[in-house]
Number of protein chains: 4
Amino acid sequence: MLESHPRPITLDRDLLLRCIDECVDCGSACTSCADADLGEPDVGEMVRCVRLCLDCADTCDATRRIVIRQTEPDLGVVRAVIEACAVTCRACGDECEKHAAHHEHCRLCVEVCRRCEQACRDLAATIR
Amino acid sequence: MLESHPRPITLDRDLLLRCIDECVDCGSACTSCADADLGEPDVGEMVRCVRLCLDCADTCDATRRIVIRQTEPDLGVVRAVIEACAVTCRACGDECEKHAAHHEHCRLCVEVCRRCEQACRDLAATIR
Amino acid sequence: MLESHPRPITLDRDLLLRCIDECVDCGSACTSCADADLGEPDVGEMVRCVRLCLDCADTCDATRRIVIRQTEPDLGVVRAVIEACAVTCRACGDECEKHAAHHEHCRLCVEVCRRCEQACRDLAATIR
Amino acid sequence: MLESHPRPITLDRDLLLRCIDECVDCGSACTSCADADLGEPDVGEMVRCVRLCLDCADTCDATRRIVIRQTEPDLGVVRAVIEACAVTCRACGDECEKHAAHHEHCRLCVEVCRRCEQACRDLAATIR
């Protein structure tokens, strides 16, 4: 879609596309991981993981929409939002990592959170 | 992620995965198309398109989350939501189609909306 | 805000405002109830309640945005979305009702879900 | 609802409640202002305002959900998200202010954005 956008892309194209893609994946992965946690027999041990996955899904979904938009961006807004997204992905990935050995969905979610955190940080680093 | 979910999938696996994938694509495509419309010189002609793309993005994003979840689903809720999503994709696709000849992002958005509408209808047809 | 909108309101004003208000309340109440369920010592008994509250929060938040918008609405979309919202509020309210005797947040959530369901049904009944 | 939550509130109660309330109002006000902009005869002049209102609605809606949740919060996440929300409210309020003299919905939106920005900053200042 971005190829057909009438306005020029103001940020680094590759880093922007990677940030969009990772937010897409992380928003869905965290929604799925929170739900899988709820379905586990040891749900009582997974409460913090559910909580942080819900926060991460909300943050990634909002960030995805904001970085998709190319018309009249405010770069201060874009930077603040992707930096907050990186913080959320870090916290969620750290929590999922504690459960990665016994829950495969957490192991997969860690990978997605780490990639999204990095993509957000890489894009944020270009906005100064 | 769904492979590692502790609960069994209650719906047809292939149709469910397709519905999730299409909601992912359509939520992002409609966010991008609404934004591209805003960036067009003829934005005054694109107002209805922006409006319906925003509605479609909101509906697809909510539907995506609900169909991703596999723990303790209420199938009446799932059916109602994917049927509403199909109605929204139809209306958005019909509006984008009017602009497809002169705006490539609208042409692409039509395709995504049609696929998402079909995926929602196909999945809904299995819930009776 | 609606007083200052440049376009006329196409639906019954009082029913529309009530639907917006109830979606605002229900989206927040369900987010809070899902989170309170997670904090309960008997979280294992609350899994279905968390699930349906998350679905209801997503549906109410999307519905709220769509009914707030007054520019170029597609009434078929509005009707489909508020009908799906009513179905979701019904299912969520029914589940919360099972826990209302021992969890005050569920008792409050039932009330909000019932009001939102009714407001959506009343508005939908005017769109034929 | 928060009165009946099983977990203690970790942040200042009054500032937290104000932040939740302001995010509720600002998410809806910005959705409405973006839509009202689209309905104006001078929509071509309002493109940046639509864009920033959409960003602000997305940020406020995500922030509202995160600050509503009281179970197992990560305070670093809460702080990052409300700080990003304050930045977005500031940018959106500044843009709406340019149109406040001729569009009443923008004038109202400025007020809501300023209050939400302040509520986010006040709450963030308590998390160190």
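Anything mentioned here points back to the structure above.
Just so it is clear, the structure is predicted and the values come from calculations on it, not from any experiment.

Each side of the interface is counted separately: chain A has 27 residues, and chain D has 27 residues. It is Arg-51, Asp-58 and Arg-69 of chain A in chain A that bury the most area against chain D; as a group they hold 27% of the surface buried on that side. Along the contact surface separating chain A from chain D lie 10 salt bridges. When the shortest N-O distance is used, the salt bridge between Glu-72 of chain A and Arg-48 of chain D registers 3.9 Å.

For the pair chain A and chain D, the best superposition has an RMSD of 0.0 Å and corresponds to a rotation of 180° with a translation of 0.0 Å parallel to the axis. The transformation relating the two chain copies, once decomposed into turn and shift, fits a two-fold axis. Most of the interface of chain A is mirrored in chain D: 100% of its interface residues are interface residues there too.

This part takes up the relation of the copies chain A and chain B. You can overlay chain A on chain B at an RMSD of 0.0 Å; the transform is a turn of 180° with a shift of 0.0 Å along its axis. Both copies share a contact surface, since 100% of the interface residues of chain A are interface residues in chain B too.

The next point concerns unusual backbone geometry. All names here are of chain A. We note that Glu-72 has phi near 50°; this positive angle belongs to a residue other than glycine. Within the secondary structure, Glu-72 sits in the loop between α2 (47–68) and α3 (75–98). Residue classification places Glu-72 among the partly exposed positions, given a relative accessible area of 29%.

With that settled, the discussion passes to the environment of Val-67 of chain B. Note on placement: Val-67 of chain B falls in helix α2 (residues 47–68). For Val-67 of chain B and Arg-79 of chain B, which are 12 residues apart along the polypeptide, the C-alpha to C-alpha distance reads 9.7 Å.

To continue, consider the interface of chain A and chain B. Taken together, the contact pairs 31 residues of chain A with 31 residues of chain B. Both faces considered, chain A and chain B share a buried interface measuring about 2,600 Å² in area, 56% of it formed by carbon and sulfur atoms. Considering only the side of chain A, the residues that lose the most area to chain B are Met-1, Asp-35 and Arg-65 of chain A, jointly responsible for 25% of the buried surface there. One can count six salt bridges joining chain A with chain B. When the shortest N-O distance is used, the salt bridge between Arg-64 of chain B and Asp-61 of chain A registers 2.8 Å. Between chain A and chain B we count 20 residue pairs in polar contact (both at pLDDT 80 or more) in total. Looking at which element gives the most residues to the side of chain A that touches chain B, the answer is helix α1 (residues 13–39) of chain A, with 11 residues. Of the residues assigned to the side of chain A that touches chain B, the class counts are 12 nonpolar, 10 polar and nine charged.

Further remarks concern the packing of helix α1 (residues 13–39) of chain B against helix α4 (residues 104–124) of chain B. Residues and elements named next belong to chain B. At a minimum axis distance of 8 Å, the contact between α1 and α4 shows a crossing angle of 150°. Classed by the angle they form, the pair α1 and α4 counts as roughly antiparallel. For the element pair α1 and α4, the recorded crossing hand is left-handed.

Analysis parameters
Residues numbered from 1 in each chain as written. Chains lettered and ligands numbered in written order. Predicted model: local features only at pLDDT ≥ 70, side-chain atom pairs only at ≥ 80, totals over all residues. Heavy atoms only, no water. Contact = heavy atoms within 4.5 Å. Buried area = accessible area lost by both parts, 1.4 Å probe. Salt bridge = Lys/Arg side-chain N within 4 Å of Asp/Glu carboxyl O. Least-squares fit on C-alpha atoms with pLDDT ≥ 70 in both. Helix = DSSP H or I, 4+ residues; strand = E, 2+ residues; numbered from the N terminus. Buried < 20%, exposed > 50% of the residue type's maximum accessible area, 1.4 Å probe, protein only. Polar contact = N/O pair within 3.5 Å; in protein donor to acceptor, adjacent residues only side chain to side chain. Nonpolar A, V, L, I, M, F, W, Y, C, P; charged D, E, K, R; others polar. Axes fitted to C-alpha atoms, helices over the stretch in contact; angles between N-to-C directions. Parallel < 35°, antiparallel > 145°, perpendicular 65-115°, else oblique. Left-handed = near helix turned anticlockwise from the far one by under 90°.

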